[in-house]
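Observations on chain architecture
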Amino acid sequence: MEYLSTDKILVIDLNSAQVEEEELDESLVEEKIGGIGITKYLYDKYIEDDPIVIGTGLLSGTTYPASASGQITAKSPVTGKVCHCPVIYKAGVEIKYSGFDYIVVKGQSQSPVYLWVHDGVADISDAADIWGKDVWESTDALRKFVGDDLLQTMMIGPAGENGSDHAQVCYNHWTSPDRFGFGKLFGSKNLKGFAFRGMGLIEIAEPEDYVERSLEILKEVKENDFLEKKGIAQILSALGEEDVEAWIEPIIHRHSADFFTPYATNTALFIDEDPGLLEESKKDEPGVLVSDVYALLGFKNIGLSAVDAGRALKACAKYGIDPFAVAQFSGKTTIEEIKESFDSIKGVVEIPGSGHFSPWCPTRPIFNDFGLSGDDEITAWWERRQAVSMIFGIQPIFCLMCPELTEENMLELASIGTDLELTQETLDAVIDDILG
Amino acid sequence: MKGPKIGLYAGSGTSHSWLWFVDLFEKAGFYDLVFLDEFSVQNNEIKELDVLVVSGGDTFAVAKSLGKEGGQNIKAFVEQGGTYIGSCAGAYLPMNSSKKPLDWFNFVDVKITNLSKTLPLAEIKTCKFCTSYGCDFVFHPVREAVALKTTSFYGKETPIEFTAPLYGGPGMKAGDPSWVVAVYNGFTPKTSFLTSRKIAEKTLINNAAVIRVPYNNGSFYLLGPHLEHPKFKEANQFIIDAVISETCMVQNRGTSKYRLESTPLKEKITGKQAKELLLSIRRELSNSRIVAGSLEFLPIQWLIGQKVYEPQKVRVYLESMFKRLKALEKNKVLILKPGLNERITRAAKQLTIELRRIKREIDENLESLKTAIVIFDLLHVLSISFFELYFTNMFNNSVQFKESLGNI
């Protein structure tokens, strides 16, 4: 596969500590397009080995608006279903830049390891020095060791190592969309996580046309009024939780967007530093970056102050536990009690629809109504939209905001970018397969 | 014409500009390249070359590294029909000088015009403005692209005008005006003035930018600007034309040196062994360039000898090797000298270690100069070894390709 691709699938066998590479066949892209279309295919191919499959969308890391995400596909140790978790922030695109479109992890390591993936090389590395450390310490230790603060990580913390049903795979220092207990799955394989860094380039079949069409679509996207808004509080307002804005506003430091995403879906809260600070904080841990709107809302609903909600989110990120589950099931109302409850949290997070996609992502349209009505129609639309965003690698929350990102123009860009004829019929078939 | 065998000096004292020559010669299809350090010049491994290139860097450091023996070998090489191409520091090197250790290289009667007893007023404060030279100063009136024009001695009826960047190279006056093949003809919108325009004009304009000094059977080419810079195609062509015409001239004259056709001791590695070697090179080049990339965000530079080195220079070496990996990975068989495998992997691993060390030193505000010196030495060792591997195989592929065409 020459274009929009690194042409490589990595297969890592933790049992034997062997790393193999396969070429990504063009015919597979013609049949499954990409993203979770292919991670699902690879999951089925290696199903006997209970694989974790990491992937990127066909458009990930390009100039198509919001082409920011990657995916983890695996069987949830909690629900028993094959689920797809978006990889967000800058971590999603780094997977592709580091030289692989897809990574299959099979088996179980005898001792803790992490996978260092860089410029088309994958090293199974001893994790003895970071096993037992929290997500922040692990990420910091790896960045220091490698010598690069731009290293992107997917790590578990103590929750994953201890086998919590709500253990998350966190991205860099932050909580993730993982509501499936993938952190527990990583821990069961003695896999501390991944570190990605690459300076790879992605070839495009018709680069000038691709960029020109991307910019045309971006221009249409920018005509939306909602792009004047920023951050998680405004998303919650659009979902009917208007009072969150005033509650959180005093500790908002900044908003940040995922790779090439026109809306800042993440908000940094300063809880141990002046939120008005305009220079880099000299404190090691001034705050927390929040992408999980329902977790934030959950902590508000149990009566925490905004500062304590920030502290709770930070503690969850360090421990590598789903903050939404903590807010919903801990039954505690002080920050210290919440932290102490991490190992004993029980409860099942409801996964909507067919159970393949994370309710981290709001389950209805945001800012635009997309002409939908009725719960069933909205749920069906949401599932299809999630599937589409993760086939092409589009930031899944932004996909719920922006009608200008259509299946038609994603297919068009994919065809321009790959020189393959990718049709709506193919996309429909891929989605049908994913939704089972 | 038989393709020229070209040696590039990449040993101590050189900057990254020899890598530009590598790009240039590869694009021109000259794969018979030899990469030399100071020891190989001292061991007279240059005697079988057609062309010897000494690029930019720190002239004093290059002279000191090559030593008296290296100087004598270069002199003998040119006398016997070799072509010396010196760019920037490599141009200063063979000029007459009374200063040690430059006096081991007193080969050509050429003087520089950018020498002054009193330092002209600098327009821009930069450590790249001047270098002390005894009681005098070698100063650099401009940087970046300047305009050049060939003279009637270049051998073409109408003068050719082109541009090339000047990064500390000399303006020159030749002992014999017929040696001057191109002069500084003016400045360009991209020229950056480090002194007043008036001083810059006086120092450079109509003075020699490129000189060819005939020397017994061979010749010295002295290039003030970097004609080998990859963004200056016409200047590049000037060098290629010079290499071709000098090689043809020597071959036609019959003074071409007798080249031993004996095959140097080489081994072949195949299959898993070849794959593992290339993977280990890729791994360490990647590790190194990742940390080198992060160094570029840091406000630091190192003065090594008389030359200032920025972190950006590290990645120039690394990228130059990394971009050639794919082509090497297509080879199912690798040909290399015994021991080269180990030399490359050892240097590559050590480079990663040292780069990670220097990152920690800088992060913790510790002294980093010693590590920087080690890093630039390692970069030379690694890149010489890597390019030896690369061009041995590229040359071999091109020979096989030509043979296959012959069979058809």
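Only a predicted model underlies this, so the values are computations on that prediction, with no experimental measurement involved.

Reading the values: the criteria
- Residues numbered from 1 in each chain as written.
- Chains lettered and ligands numbered in written order.
- Predicted model: local features only at pLDDT ≥ 70, side-chain atom pairs only at ≥ 80, totals over all residues.
- Helix = DSSP H or I, 4+ residues; strand = E, 2+ residues; numbered from the N terminus.
- Expected span 1.5 Å × (residues − 1).
- Buried ≥ 20, exposed ≤ 12 C-beta atoms within 10 Å, placed from the backbone.
- Arc of directions from axis to C-beta.
- Contact = placed C-beta atoms within 7 Å.
- Core = buried A, V, L, I, M, F, W, Y, C linked by C-beta atoms within 7 Å.
- Domains from an automatic or database assignment.
- Pairing = 2+ DSSP bridges.
- Axes fitted to C-alpha atoms, helices over the stretch in contact; angles between N-to-C directions.
- Nonpolar A, V, L, I, M, F, W, Y, C, P; charged D, E, K, R; others polar.
- Parallel < 35°, antiparallel > 145°, perpendicular 65-115°, else oblique.
- Left-handed = near helix turned anticlockwise from the far one by under 90°.

1. Looking at helix H17 (residues 424-435) of chain A
Residues and elements named next belong to chain A. Along its 12 residues, H17 runs 16 Å from first to last C-alpha, staying within 8% of the 16 Å computed at 1.5 Å per residue. Those residues of H17 that fall on the buried side of the exposure criterion are Leu-427, Val-430 and Ile-434. Seen end-on, H17 carries its buried residues on one side only, within an arc spanning 65 degrees. Facing away from the buried surface of H17 by more than 90 degrees, the exposed residues are Glu-425, Asp-428 and Asp-432. Turning to H17, the residues buried within the fold contact helix H1 (26-32), helix H2 (36-45), helix H14 (375-392) and helix H16 (407-418).

2. Some words on the nonpolar core
Formed by 256 residues in total, the largest nonpolar core has its most connected members in Val-104 of chain A together with Leu-8, Leu-52, Val-53 and Ile-211 of chain B. With 14 residues, the single largest contributor to this core is helix H11 (residues 369-407) of chain B. Summarising the domain contributions, this core has at least three residues from each of domain 1 (6-253) and domain 2 (267-407) of chain B. When neighbours within four sequence positions are excluded, Ile-211 of chain B is seen to be in contact with Val-110, Met-172, Ala-174, Trp-179, Val-180, Val-181 and Leu-222 of chain B.

3. Description of the environment of Glu-203 of chain A
Residues and elements named next belong to chain A. Note that Glu-203 resides in the loop between strand E11 (191-197) and helix H7 (207-221). Glu-203 sits in the partly exposed class, given 14 other C-beta atoms within 10 Å. On a C-alpha basis, the gap between Glu-203 and Leu-4 in space is 5.8 Å, while along the polypeptide they are 199 residues apart. Beyond its immediate stretch of four places on either side in the chain, Glu-203 contacts Glu-2 and Tyr-3.

4. Describing the sheet that holds strand E6 (residues 102-106) of chain A
Residues and elements named next belong to chain A. The 6 strands are arranged E2-E1-E6-E3-E4-E5 in an open sheet whose pairing can be described as mixed. Two strands in the sheet have a free side with no partner beyond their single neighbour: strand E2 (18-23) and strand E5 (82-87). Strand after strand, the sheet turns through a mean of 15 degrees between neighbouring axes, direction not considered. As paired elements, strand E3 (residues 52-56) and strand E4 (residues 70-75) share 4 bridges and run antiparallel to each other. Its bridge partner lying in E4, Ile-54 is registered against Ile-72.

5. Description of the interface of chain B and chain A
The partner chain A presents 12 residues to the 13 residues of chain B that form the contact. Sort the elements by how many residues they give to the side of chain B that touches chain A and helix H7 (residues 271-295) of chain B lands first, with 10 residues. When its residues are assigned to classes, the side of chain B that touches chain A shows 4 nonpolar, 4 polar and 5 charged.

6. A few points about the pairing of strand E14 (residues 287-290) of chain A
All names here are of chain A. Residues Gly-287 and Leu-289 of E14 are buried on one face, and the alternating residues Val-288 and Val-290, pointing to the opposite face, are buried as well. Of the strand pairs in this sheet, strand E13 (residues 266-270) and E14 are connected by 4 bridges, and their pairing is antiparallel. Each bridged residue has a counterpart across the sheet, and for Ala-268 the counterpart in E14 is Leu-289.

7. So, the environment of Ser-415 of chain A
Residue and element names in this part refer to chain A. On the secondary structure map, Ser-415 appears in helix H16. Distance in space between the C-alpha atoms of Ser-415 and Asn-172 is 33 Å, their sequence separation being 243 residues. Among residues more than four places away in sequence, those in contact with Ser-415 are Leu-420, Glu-421 and Leu-422.

8. With respect to the packing of helix H10 (residues 293-301) of chain A against helix H11 (residues 306-319) of chain A
Residue and element names in this part refer to chain A. Viewed as axis vectors pointing N to C, H10 and H11 meet at an angle of 130 degrees, and their least axial separation amounts to 9 Å. One element, H10, and the other, H11, form an angle in the oblique class. Regarding H10 and H11, the two cross each other, and that crossing is right-handed. Every residue of H11 that contacts H10 at Ala-295, Leu-296, Phe-299 and Lys-300 is listed here: Ala-309, Ala-312 and Leu-313. Among the residues forming the contact of H10 with H11, the class breakdown is 6 nonpolar, no polar and 1 charged.

9. Overview of the sheet that holds E14 of chain A
All names here are of chain A. Read across the open sheet, the 3 strands follow the order E12-E13-E14; overall the sheet is antiparallel. Looking at strand neighbours, the two that pair on one side only are strand E12 (252-256) and E14, the edges of this open sheet. Between one strand axis and the next, the sheet turns by 20 degrees as a mean value, whatever way the strands run. Where helix H8 (residues 231-238) meets the sheet, its contacts fall on E12, E13 and E14, and the angle it forms with E13 comes to roughly 120 degrees. H11 contacts E13 and E14 of the sheet and is inclined by roughly 80 degrees relative to E14.

10. Notes on the environment of Val-307 of chain A
Residue and element names in this part refer to chain A. For Val-307, the position within the fold is in helix H11. Separated by 35 residues in sequence, Val-307 and Asp-272 place their C-alpha atoms 8.8 Å apart. Non-local contacts of Val-307, meaning those with residues more than four positions away in its chain, are made with Ile-251 and Ile-271.

11. Some words on the domain arrangement of chain B
Many authors give the size of an interface as the accessible area that is lost as the parts come together. Residues and elements named next belong to chain B. On domain assignment, one finds that chain B holds domain 1 (6-253) and domain 2 (267-407). Counting from both sides, the interface comprises 20 residues of domain 1 and, opposite them, 17 residues of domain 2. Partitioned by chemical class, the residues of the side of domain 1 that touches domain 2 number 9 nonpolar, 7 polar and 4 charged.

12. Quick look at unusual backbone geometry
The linkage connecting Lys-100 of chain B with the following residue, Pro-101 of chain B, adopts the cis geometry, with an omega of 0 degrees. Structurally, Pro-101 of chain B is set in the loop between helix H4 (89-92) and strand E5 (110-112). In this structure, Ala-66 of chain A takes a positive phi of about 65 degrees despite not being glycine. Exposure remark for Ala-66 of chain A: the 28 C-beta atoms within 10 Å place this residue in the buried category. Positive phi is not limited to glycine here, since Asn-365 of chain B has a value of about 60 degrees. Considering the arrangement of structural elements, one finds Asn-365 of chain B in the loop between helix H10 (340-363) and H11. A count of 7 C-beta atoms within 10 Å places Asn-365 of chain B in the exposed class.

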